[in-house]
Every structure is written in C-alpha cells, then in structure tokens.
Amino acid sequence: MNDQPWITERLAQAPPLGAPAPGTVILNDSKGEILDEGAATDLFAAYFGSDDTQMAVRVVASGDTLGYLSRTQALDLIELSSRGLGESIAQFLPGMSTYAPISLRCPIGGCPANPIVAATFDVMYPPRCPEHPSQPLEFVRS
Amino acid sequence: LKRRSAKRVPPAVSDTEWLVQVAHAERAARAATSDDLYAALADAAVTFGHRFGLALESLAKTAGREEQTENPYTVLTRAFQLVFASWLSGQRLTPRADERERRVEAALALAADDPIFAPLAANVLLHLPAGHPKRDLALISGLRPTGMSSLTLPETFRDLRPWQRVARSPGMILGAFIAGTPDRADEQLAQITFSIASVDLDESSLARHVRRGTVAERNARHYVIRLDFRLRSARRYFELAVEAGRQGDEDGARRLVSHMSAMLEDLAIPDAVLMLGEALSHFAQDFESLRRAAGMFAAVVESSTAARELRLTAARKEAAARRILLDFERMYQVLRPLLPAYEVDYLTALDEDELDAAGRAFGEVVLALTYACVRLNRWAEAAELFERGKCSRLRYRAQLRANYYGDTVIEREAELSAFRRGLTLAAPPVPNSEVDPLGSRVGTEAALLEANRRLRTEFPSEVLAPPSLRALTGVMYADEGVIVLIANSTSTLVAGFLAGDVTSPTVVSVGEMTDAEWLDLLAQGRRGTWLASLRTHRSSNDSNDTLERVLAAANHLIYPVARRFEAENIHRVTILPHRWFHVVPFWALPSLSSFLVETAITAADFVEARTRSVPRLPSRALVVANPAGDLRAADAEAATVEASLKRHGVASQRLAGLGATETALLNELRDGAALLHFCGHGRSDFDHPERSALFLAPDPSVLSRSGHVFPAVLPANATGDASDDASYVIDGLGRVVQKRIVGGLERTLEHGKSGTISAWYADRRCVSLAELWTAADISISRELSGVALAVLSACESGLERIGESNIDEPVGLLAAMRLAGVANTIATLWPVGDVEGALFMHEFYAALGQCEGVVDLHGLLNDVRVRFRTMSRDAALESISALRDMASDPIARFVLERFREQLPNRPAQPFAKPYAWAAFFVSGVGKLIIGDSMT
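Treat the numbers as computed from the prediction; the structure is a model and nothing was measured.

**Remarks on the overall build of chain B**
(1) Moving on: Summing up its helical and strand segments, chain B has 38 helices and 20 strands in all.
(2) Moving on: Looking at chain B as a whole, 57% of its 935 residues are labelled buried.
(3) Moving on: Surface accessibility of chain B: about 38000 Å² in total, with carbon and sulfur atoms responsible for 51%.

Below you can see the structure in the form of structure tokens.
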C-alpha cells in the first residue's frame, strides 16, 4: 500500500531556477489530514490565480515541506467542467467542510514562506510557519 | 330507481334536498332539446347520484296516480337510468374536474344502500388512477364482485387487465341491477356477459358462452342486458379475429368476423355500426370495402343518438379511411366541425393519462385536417389549423393569466401545487350537503382542481384562435421568409412563406423522412440519437458527431426552400418547428448560413413578438453566479456581464455561491431587478418536465432542519437498487422522495410551498446538493412578470420535453419563463462548458454593451455565434485573457489560464464545431430597447 500523499509524485525538490521566491500552500484539512485533489486544486488555483508572476509554490503538510509544485503542474490539476448536473468535483455539500481558500502569513518580516494559502485555520491551534517552526501563522483578513 | 328489496327503506332525504331535486327534475322535464335534457340529467347524476333516480321514481308514481298513464317522469326515470349507468361505467358526463370523485361517492352510496351494487363500486374505484387517495385496496377487496371470486386482487396493481375489462364494461352489470328487478334469465345473461368480458377465452370457449347466452337472451326482459351481451360478445369475436389476422390465419379471421357480424345483426345502434365498420376497415382488401367502412363511420358521426365519445371516435376512423381513399373533402368535412370538441378535451384533461389520450386524438385530428387542406390546396386554412394544435395548453394558461382574474388563476395553481406537495392549505369551502350531497364528499385536490377549472369556463375560446396566414405574413419583414415544418406519418412538409403570401406558400418541399424517423433520429433511437447522447453525458466530440448527423438530415430537408429564399433575396428566416424539430439548432444548418435565423414555437408567438411593445433594458440587473460553488469560471462571467451592463448605466446585484438562494433571488426580482443573468447548473427533466430546474443554493435555515435527510454518505442499504425508490413525509419538514437516476440516486425534500432541495448521490457519496428552482415554481411565480431579459447560461436550459403523443407542446424551463411573463429568454439546447459558456457570454455582453436603440437580440446572438465559430486561436487567446482580467476571483483567473494554456493544442478555429458555438438561442420578443429610443 502506498502511504504517500497523492501529490508527492508531482512535486519537485526545489523551485524552478530563476523563479520568484515561492509562497506556501498548506495542504491539511481541519483534522490534519491531507486534502483530496479537488479541495487542494482550489488552494493551488487561489494561490497562482492571485499572482501571475508566481511560478511555483512550496507544499506543506503537517508542518513538513513535501516539495514544490510548479505553475504548469498546478494547471494540469484543473479539470474543465460543464454546467450539467454531476459535472462538479467540489460543490457545497452537507456534512463536508467547504474549503474556501484562506490567506495566512508568517509575521516575521521577510519570511520566504509568505504568501501562505490554506484551507482551514483554527485560532486556538494555528499552524506553524514552515520556515520558523516556532512561529504561529496569522490569519489575513481580505 | 327501483330497489331490489322491498324491505329496504329509501334513504332519508331532507326537505331542502328534495326541493333541489325537484328543481333539477323540472329542468329536465322542461328541456327543449336532447342536449339540454342530457345536460340536466348529467348535472343531477353528479350532484345526487342514485338518489335523484329515487326522486324521479317518486315523482313518476305521484303523477301516475293522477294520470293513470305513462307520464313525463316515467320517461325521465328511464333516461336517467341510462345516463347514470353509463356514468358509473366510466363515461364522463360533464367537464367537472371533480367528476371522478363524485362518481366514486355515488357508487359507494349506491353500494351502501344495497350491497348488490358493491361490485359496481369496486369497478368505479378501480377506474381511479394509481396513487389516488380513494383507490383503497382494502375497500376494493371488500367490494369484490362475486363473479370475480376466482380472480386474485393484484397487490401491486400491475396486472389489472381482467379487472379493467370489467371496469370498462358499459352497462353490463349496471343493466342488470339498475334497470329494475331482474328475473332469473336477466341475471343468468348478465353473468354470462360478465364471463365473456372478463375471462380469456379461445374461439370455442367463446362460442360455448355465446350459445348459452343466446338461449338466456330469449327470456331476458331487459334491453340493456341483452344489448350488453351482444356488444361484448361481438367485441371479443373482433379481438380474436384481429389476433388471428396477426398470426396469418385469414380463414380464422374471416370466420370470427362473421360471428361478430352475426352478434350485431339487427342492432341498428351506433355502437354496433362502429364495430362493423372497424372490422370492415381492419380487414379491407379493396377500396370498395374501405368505402363501405367509411360510410358506416359516417353514419355514426351523423347519428343523433350516438354518444359524443362514439362520434368523436367514429370521426377519426372515418378520416383515416377517407385519407386512404383520397377523399380529402369528406375528410375535412367530418373532422372540422368536431375539432373544438377534441380541443376542449385536450385543454381540460386533468391527469397524465387523460392528457395523453386527448392529446393523441387532438394532435391526430389537427394533422389530418392540415393534410386534407394541403391536398385541397387550401393553404391558408391548413396553416391556421396546424397552428391550432401547437402549444395549446400553454397558450390557454397564458391567456387565462392575462385575463382580469389572472392573479386568481395563479393563486389557484399555486394552491394546487402546494397541496400536491403535501401542504395542508385552506381547502375550498365544502358545498352544502343538502344541495350538493356528492360534492360535499369530494377530496381537497379534486375540489381545488374544480375551483381551478371553474375559472376557465368563462374564458372565450376564440382568444386562442391562431393567427391567420394573412396575419402571419403581414408582420414579416420584407426580406424575411418563414418556414413551417410539418412532420407526419408519410413525409415531412416544408412550406416557405414570404411577406404578403396570403393564400399559399411561395415554395413547398416534401422531405422523405416521416415523423417516426425524425423521432428515431432525434429522440428515441437506440444509438446515435441526439437527445440520448445528451442524456448519457457523452464526450463533446461524440455529441458533436451526433449533432452533425442531425444537422445533415435537417439540412437536406430545408435545402430546397433555402435555395429559393436566396433567389428571392431573402436575408432573414424564421422557422416554426414541429414537435421534435424544437431540439434542432436550425441556425447551424449550412444551407441557412447566409441567413439570420430565428425560431418561434408557434405562429401566435411569432406574431405576438412582432406586435407587442418592446421591453427596455432595465436599470437594475440580478446576476446569479455559481450557486453550487463548483463552476470556477462563473466569477469571470458575472464580472463581464456586470461590466457590460454598467456601460449602459445598469446597476447589477450579484448573488454568488451560497448566497444565491431562491429566497434571495425572488427578493431581488421583487425589488425591481428586471434583467436576470443566471450562471450555474441546469437540468432538463424529460420524465417530469415541470421539474426541469436551475440549481440554486439551498436555504441554510431549511438545511439546518433537514441536514439529517442529506447525509454526506448514505447508509449501505441505500446503494441504488430498486428498493431505494421511496417517498415519505417528515412531519413539519416536508416530503422526501428518493429515486434511482442514471449514475446514482437522487433524494429530494419538498419543503414549503415551492421549495425542493435535491441531493445526488454517486457511490453513496453526496456529490451535489441544491435548491431546485423548477419550471413548476417559475410558472406560478409573479416575480418574473416584468423581466425584460433572462439569460440562462446553464446546461440545456432551453431543452424541453415535447411529449410522446401527437401534440406539439414543449414543456420545461422556457415554457415556464414565457408563462411567468419574461419577455426575452436566452437559453441553451445542450450542455455548455464552464469556460466556453463564460467566453460566449463575454462576447455576447461585449456586443450588447456596444448597442444602442432597438436591439435585435436574434441578430445580436447570430453575430456572436458567427464570431465564436470563426474565432481564430489568437483571437480566442485575446478574448480569454480579457475575460481573465475581469475576474477578481483568483480561482476563476487560474481556471481561465488553464483554458488559455490548452488553446494552442486546439484547431486553428477552436470553436468551429456546431456543438461549441450553436447551443444558445433566443426565445420571446427578440428585441430590447437600449438608451432613449422610442419603440
């Protein structure tokens, strides 16, 4: 059985050469588990869609850096759907969290992990910065 | 009515009831014509049931003592017996919507007075449609006819044939019980007839029964019983003859027909003549036989004693025979005077079965009359008659709403809709049981239906008359041609009219494909069918291939007319489709590529669109974006719509994601938003077209109460097998209906007056949850009446069910929008891609943003289609980038980027295939005023 997260094989060990410093996507859901592909795709889309210059993103799960996802690989995750019933992969559903992407940041000035996108944020147990493991991340109000 | 037992006491009748009964009897006695008499007795039957018979009998006795001879009430008593008997055996007496329930109550009252009538009551109950609250299995079982003791009452009602045969038997048992006290021969003959009608018999068994019956017949006193024996026996011989003929046993068929004829010998009544004619035409091998059969049918049609239903049946049969005999004049003469009768039956049909049967008959007659007129070269009348059969019920409902009591009509329809959803509303007042004893016992739904119907009786039917050919061609533009399509059982007629044609079309072409072949290509074929490909969510390439086949066939059909139009310097073509042609995108036909093409569902719609006032672009718009949360390009589409409208000073309110609830949407419309742009999911439901819907966000307050109905994962016992079909009511919440659908299981909750939450489960996991804004909801809403333009940028929002019968009556979201008063609707015929839809709308609204004055929406959309179809990759890249720049949602931007990245892999013209560019079309007025122009 393969225990690797579904995304591992798409990740590189380092960002592309010459690319701007990548931000971060935290891939955990509220229970600390790895998000499924549909929910994760929205996070990547939110990250890359908000900054056309970003060429890669650092992917973090449970505080560990899993690797780097390039913009091209993130584009490959997008499935184009139609407007018929049953074409969706992430509708608003009962009993399931709606993982609308949210923005976080490391308050330490110049932290290379910023900007950070995550699916969930619990103010009592904020995630830690992958660059500064003792530093809790802050929620960024849009 | 005479009672079987002298010991029985007649039911107590109050003074008031007696007086009302006497008034009815007086009305019947004073009737000047047989129709008046029939109407009076029918009214009395559906009001008092058998108690009116007792009243007449009492009056007859009183009068008899004075006159010592037969008096008017004796005659009325006999007449009433026949009317009452035919009613109990299933014949409709009045147009009342609650008549069926009144019949049930009358039969039960009769059975309560004398148990001998219990079998009749059982038959009447069995006549109720499955699911009717009064179709009580236990009650029916208790009323089981004694002669049917060997029959097991089917528990599921799936095998009702033997029962239904009895239920359809007119006057058979009734004659025995109602016509008086039968002696032994009467009873014996009735029992034999009962067996003949209800048991499967081969020829020799039938002959044995008939021999026994013929002996009993000699001593039977009552005409109704003897007649019933003859007719039922003859009918069974005919059925066996047809079966023999089907199996190639010609001698057997001939022998059986001669037995049938023998049973009908000397019966100079319309029923017998009709049956003889049927046999003659069925087995006719030469024109002379067919001519004789047609003559028999004609005799029934013209008979003053034949019942209405019989005359209507005979007329259709005669027309069919005359068509083969090429006697078009007589075909016209026999059907034309009866057309209103077929039409009324169709317009007032109450349930699916009635609607189907009446629609079949009306549609057949309309087509037959059209065909006859065409063959007689009476084109103007042909066009008018043909149009009469199109969208009749929709036009009828629309006209009712346009009347001064239109609000009441909508209110009644809403009440009925709510009741059918299980909501307990205030029922209509219950009639006084002394004045209307049967009416006081009918159920709420029947009472609501009748209240609804009564509103319609005052409606002048001539308002529904279709426009004349002169009116149709009178509103056409000088450079316009109208194409009328008529598919029938032998060919497809294409008639091309130009402005000023008042007697005949400029060009006529006949296509070889029949209506059945079109149906096969478009809707019912097993493979490669256009609608089937949409149903099964095949890939767009597959769907495009199927669409290309449809377009090739339609192009072949239209080509000759299109060429003639070109020669006549025509630039604009309007198609009036017929039945399944409504699903064909005529604007995508190569032969029409040089024309501006539009469609109109009927000639009446076409004329109205050209003559009614043109709505203005409103100052407020409502943009509904992505209620289900999964259409990632929706934000970009909403942005482009808002930006374009802003150029014209239109303020837009956006309802997005979970905020796009039905309540919020209706509130915005109520507050004056008169342009609706919907960008989300849509569904066309062909089984229940009134449930075709646009998907909105579920109301949080309803979800908070009903969350347990829609678990994220269904328990293991709900995996999609047949047992998963269920319906139950949760007190205080609503009705839950669960059924299997393609790819999983749908669970809906009907809540409130019009709310419906729908969840779709695939592999037991919930993959979709939405509030359905259904065609039924839309059609009873008032909020849309001022909407100038509704753009339904959703899958198959303009794909409607046509129905299986001959009638041309599209039902679905478009029809609902029209009914609700929306002036213009832009909708789709098939599923559209999320990004492609947004891009198309980007182009459309960009074009709209440039418009001023009276905007021809057909022309505008046509331009956009052409631009889309011929758009180069570079232009597409530019357009998608512009759209992306408008989006504020980063996810939308990234999704559009993904689409842009894929474009280089596409053909030089990425949207050249019809499936990519031809889905959208305009329905309605087709115009919009932008700016300060005068209409």
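**What to know about the pattern of salt bridges**
Residue and element names in this part refer to chain B.
(1) Moving on: For the coordinates displayed, the defined rule picks out 62 salt bridges over all chains.
(2) Moving on: For Arg782, the salt bridge identified is with Asp407, shortest N-O distance 3.8 Å. Placement of the pair is Arg782 in the loop between helix 32 (775–779) and strand 16 (789–793) and Asp407 in helix 22 (residues 406–420), with a sequence separation of 375 residues.
(3) Moving on: Judged by relative accessible area, Arg782 falls into the partly exposed class, the value being 40%.
(4) Moving on: Among the salt bridges present, the one from Glu746 reaches Arg683, with a minimum N-O distance of 3.1 Å. Taken together, the residues Glu746 in strand 13 (residues 744–751) and Arg683 in strand 9 (residues 682–683) connect sequence positions 63 residues apart.

**A word on the environment of Gln399 of chain B**
(1) Moving on: Relative to the elements of secondary structure, Gln399 of chain B occurs in helix 21 (residues 392–402).
(2) Moving on: A sequence separation of 472 residues divides Gln399 of chain B from Met871 of chain B, and the C-alpha atoms of the two residues are 43 Å apart.

**What to know about the sheet that holds strand 6 (residues 620–625) of chain B**
Residues and elements named next belong to chain B.
(1) Moving on: Spatial ordering of the open sheet is given by 7-6-8-16-17-19, a layout of six strands whose pairing is mixed. Edge positions in the open sheet fall to strand 7 (651–656) and strand 19 (920–924), since each of these has one partner strand only. Between one strand axis and the next, the sheet turns by 15° as a mean value, whatever way the strands run.
(2) Moving on: Pairing between strand 8 (residues 675–679) and strand 16: five bridges, direction parallel. Looking across to strand 16, one finds that Leu676 is bridged to Ala790.

**Considering the packing of helix 16 (residues 308–324) of chain B against helix 17 (residues 328–335) of chain B**
Axis angle and axis distance: for two packed helices, these are the angle between their axes and the distance between the axes, and together they describe the pair.
All names here are of chain B.
(1) Moving on: It is at 8 Å that the axes of helix 16 and helix 17 come closest, and there the two elements cross at 170°. As the angle between them shows, helix 16 and helix 17 are arranged roughly antiparallel. Contacts from Ala315, Arg316, Glu318, Ala319, Arg322 and Arg323 in helix 16 reach Phe328, Arg330, Met331, Val334 and Leu335 in helix 17.
(2) Moving on: Taken together, the residues of the contact of helix 16 with helix 17 sort by class into six nonpolar, no polar and five charged.

**Observations regarding the nonpolar core**
Where a protein is soluble and globular, its nonpolar side chains tend to be buried together.
(1) Moving on: One finds Phe44 of chain A together with Phe586 and Leu592 of chain B to be the most contacted residues of the largest nonpolar core, which totals 121 residues.
(2) Moving on: Sorting elements by how many residues they give to this core places helix 27 (residues 540–567) of chain B first, with ten residues.
(3) Moving on: Here Phe44 of chain A is in contact with Ile7, Val25, Leu27, Gly49, Val57, Val59, Leu69, Ala74 and Leu77 of chain A, once residues within four sequence places are set aside.
(4) Moving on: Membership of the second largest hydrophobic core comes to 63 residues, among which are Leu312, Ala315, Tyr342 and Ala368 of chain B.

**As for a nonpolar patch on the surface**
(1) Moving on: A contiguous nonpolar surface patch, about 430 Å² in accessible area, is contributed by Val123, Met124 and Tyr125 of chain A.
(2) Moving on: Take Tyr125 of chain A: it is sitting in the loop between strand 5 (116–118) and strand 6 (138–139).

**Looking at the side chain of Glu17 of chain B**
(1) Moving on: The residue Glu17 of chain B is located in helix 1 (residues 15–29) in this model.
(2) Moving on: Residue class for Glu17 of chain B comes out buried when judged on its relative accessible area of 3%.

**Brief notes about helix 16 of chain B**
Every α-helix winds through 3.6 residues per turn, so residues three or four apart in the chain are directed the same way.
All names here are of chain B.
(1) Moving on: In this model helix 16 runs 25 Å from its N-terminal to its C-terminal C-alpha over 17 residues, within 8% of the 24 Å that 1.5 Å per residue would give.
(2) Moving on: Leu310, Leu312, Ala314, Ala315, Glu318, Ala319, Ala321 and Arg322 are the residues of helix 16 that are buried.
(3) Moving on: Against the buried residues of helix 16 lie helix 14 (270–282), helix 15 (287–302), helix 17 and helix 18 (339–347).
(4) Moving on: Immediately beyond the C-terminal end of helix 16, within one or two residues, lies Leu326, with a positive phi of roughly 60°.

**Quick word on the pairing of strand 6 of chain B**
All names here are of chain B.
(1) Moving on: By the criterion of burial, strand 6 is predominantly enclosed, with five of the six residues buried.
(2) Moving on: Summarising the sheet, strand 6 and strand 7 pair through six bridges and their orientation is parallel. Paired with Leu622 across the two strands is Gln653, which belongs to strand 7.
(3) Moving on: Read from strand 6 through helix 29 (residues 634–647) to strand 7, the crossover connection turns out right-handed.
(4) Moving on: Pairing geometry for strand 6 and strand 8, over five bridges, is parallel. Each residue of the ladder has a partner; that of Val624, found in strand 8, is Phe678.

**Looking at unusual backbone geometry**
(1) Moving on: A cis geometry characterises the amide bond from Asn114 of chain A onward to Pro115 of chain A, with omega recorded as -10°.
(2) Moving on: One non-glycine residue, Leu326 of chain B, lies in the positive phi region at around 60°.
(3) Moving on: Mapped onto the fold, Leu326 of chain B is located in the loop between helix 16 and helix 17.
(4) Moving on: In this structure, Arg764 of chain B takes a positive phi of about 70° despite not being glycine.
(5) Moving on: As for its position among the elements, Arg764 of chain B is in the loop between strand 14 (755–762) and strand 15 (765–774).

**Description of the environment of Ala306 of chain B**
Residue and element names in this part refer to chain B.
(1) Moving on: Here Ala306 is to be found in the loop between helix 15 and helix 16.
(2) Moving on: The exposure class of Ala306 is buried, given its relative accessible area of 11%.
(3) Moving on: Distance in space between the C-alpha atoms of Ala306 and Glu642 is 65 Å, their sequence separation being 336 residues.

**Notes on the side chain of Glu105 of chain B**
Residues and elements named next belong to chain B.
(1) Moving on: You can see Glu105 is positioned in helix 5 (residues 99–113).
(2) Moving on: Side chain to side chain, Glu105 and Lys134 meet in a polar contact 2.6 Å long.
(3) Moving on: In contact with Glu105, other than residues within four places in its own chain, are Lys134, Leu438 and Arg441.

**Thoughts on the sheet that holds strand 5 (residues 596–599) of chain B**
All names here are of chain B.
(1) Moving on: Taken in spatial order, the five strands line up as 3-2-1-4-5 in an open sheet, and their pairing is mixed. On the outer flanks of this sheet lie strand 3 (507–511) and strand 5, each paired with one strand and no other. Averaged over all adjacent pairs, the angle separating strand axes in this sheet is 20°, with direction ignored.
(2) Moving on: Across the sheet, helix 28 (residues 603–611) touches strand 1 (480–487), strand 4 (572–576) and strand 5, and the angle it forms with strand 4 is around 140°.

**What to know about the state of the cysteines**
(1) Moving on: Under the criterion given, the structure shown has zero disulfides over all chains.
(2) Moving on: Cysteine Cys111 of chain A remains unbridged, with the sulfur of Cys129 of chain A as its closest cysteine sulfur at 3.5 Å.
(3) Moving on: Here Cys766 of chain B stays free of any disulfide, with the sulfur of Cys795 of chain B as its closest cysteine sulfur at 19 Å.
(4) Moving on: For Cys766 of chain B, a relative accessible area of 3% gives the class buried.

**Brief notes about the packing of helix 13 (residues 250–264) of chain B against helix 14 of chain B**
Residue and element names in this part refer to chain B.
(1) Moving on: The N-to-C vectors of helix 13 and helix 14 enclose an angle of 165°; their axes lie 10 Å apart at closest approach. Looking at the two axes, helix 13 sits roughly antiparallel to helix 14. With respect to the hand of their crossing, helix 13 and helix 14 are arranged in left-handed fashion. Residues Val257, Met260, Ser261 and Leu264 of helix 13 touch helix 14, and the partners they reach there are Ala272, Met275, Leu276 and Ala279.
(2) Moving on: Among the residues forming the contact of helix 13 with helix 14, the class breakdown is seven nonpolar, one polar and no charged.

**Thoughts on the packing of aromatic side chains**
(1) Moving on: The tally for this structure, following the rule as stated, stands at 18 aromatic pairs over all chains.
(2) Moving on: Taking the centre distance of 5.4 Å and the plane angle of 20° together, the rings of Phe48 of chain A and Phe894 of chain B count as stacked. Of this pair, Phe48 of chain A sits in helix 1 (residues 37–49) while Phe894 of chain B sits in helix 37 (residues 890–902), which puts the two residues in different chains. For the pair shown, Phe48 of chain A and Phe894 of chain B are each scored as buried.
(3) Moving on: Residues Phe48 of chain B and Phe52 of chain B carry aromatic rings whose centres are separated by 6.2 Å and whose planes lie at 20° to one another, so their mutual orientation is stacked. When sorted by exposure, Phe48 of chain B lands in the same class as Phe52 of chain B, which is buried.
(4) Moving on: One aromatic cluster is present, formed by Phe48, Phe52, Phe80, Phe84 and Trp87 of chain B through successive ring pairs.
(5) Moving on: Sitting over the ring of Tyr371 of chain B, Arg323 of chain B keeps its end group 3.6 Å from the ring centre.

Rules of the game
Counting restarts for each chain, with residues numbered from 1 along the sequence as it is written. Chains carry letters from A onward and ligands carry numbers from 1 onward, assigned in written order. Only residues with pLDDT of at least 70 are given local features in this predicted model, and only at 80 or more are side-chain atom pairs given and counted; all residues enter the totals for whole chains, interfaces and linings. The side-chain quantities take in all heavy atoms of the structure and omit both hydrogens and water. The helix and strand labels rest on DSSP assignments: H or I over at least four residues marks a helix, E over at least two residues marks a strand, and numbering proceeds from the N terminus. Relative accessibility thresholds used throughout: buried, under 20% of the residue-type maximum; exposed, over 50%; partly exposed, between the two (1.4 Å probe, protein chains only). In short, Shrake-Rupley with a 1.4 Å probe defines the accessible areas, and a residue's cover is counted only from the protein chains shown. When a carboxyl oxygen of Asp or Glu lies within 4 Å of a side-chain nitrogen of Lys or Arg, that pair is called a salt bridge. Any two strands with at least two DSSP-identified bridges between them are counted as paired. Axis geometry follows a simple rule: fit a line to the C-alpha atoms, using only the stretch in contact for helices, then measure angles between N-to-C directions, giving values from 0 to 180 degrees. Angles below 35 degrees are treated as roughly parallel, those above 145 as roughly antiparallel, those between 65 and 115 as roughly perpendicular, and all remaining angles as oblique. Contacts are assigned to residue pairs that have any heavy atoms within 4.5 Å of one another. Amino acid classes used here: Ala, Val, Leu, Ile, Met, Phe, Trp, Tyr, Cys and Pro are nonpolar; Asp, Glu, Lys and Arg are charged; the rest, including Gly, are polar. Think of a nonpolar core as a cluster: buried Ala, Val, Leu, Ile, Met, Phe, Trp, Tyr and Cys residues, connected wherever their side-chain atoms sit within 4.5 Å. Residues form patches when they are more than 30% accessible in relative terms and have no salt bridge. Like charges link within 9 Å. Nonpolar side chains (Val, Leu, Ile, Met, Phe, Trp, Tyr) link within 5 Å. The span expected for a helix works out to 1.5 Å for each residue beyond the first. A clockwise course of the path from the first strand over the helix to the second, judged with the strands pointing away from the viewer, identifies a crossover as right-handed. Polar contacts, as used here, are pairs of N or O atoms within 3.5 Å; protein pairs need one atom able to donate a hydrogen and one able to accept it. Residues neighboring in sequence count only if both atoms are side-chain atoms. The disulfide criterion is simple: two cysteine sulfur atoms within 2.5 Å. By definition, any crossing whose near helix is turned counterclockwise from its far helix by less than a right angle is left-handed, and any crossing with a clockwise turn is right-handed. Two aromatic rings, drawn from Phe, Tyr or Trp (for Trp, its six-membered ring), form a pair once their centres lie within 6.5 Å of each other, and the interplanar angle then sorts them: stacked below 30 degrees, edge-to-face above 60, tilted otherwise. Lysine and arginine charges are scored as sitting over a ring when NZ or CZ, respectively, is within 6 Å of the ring centre and within 35 degrees of the ring normal.

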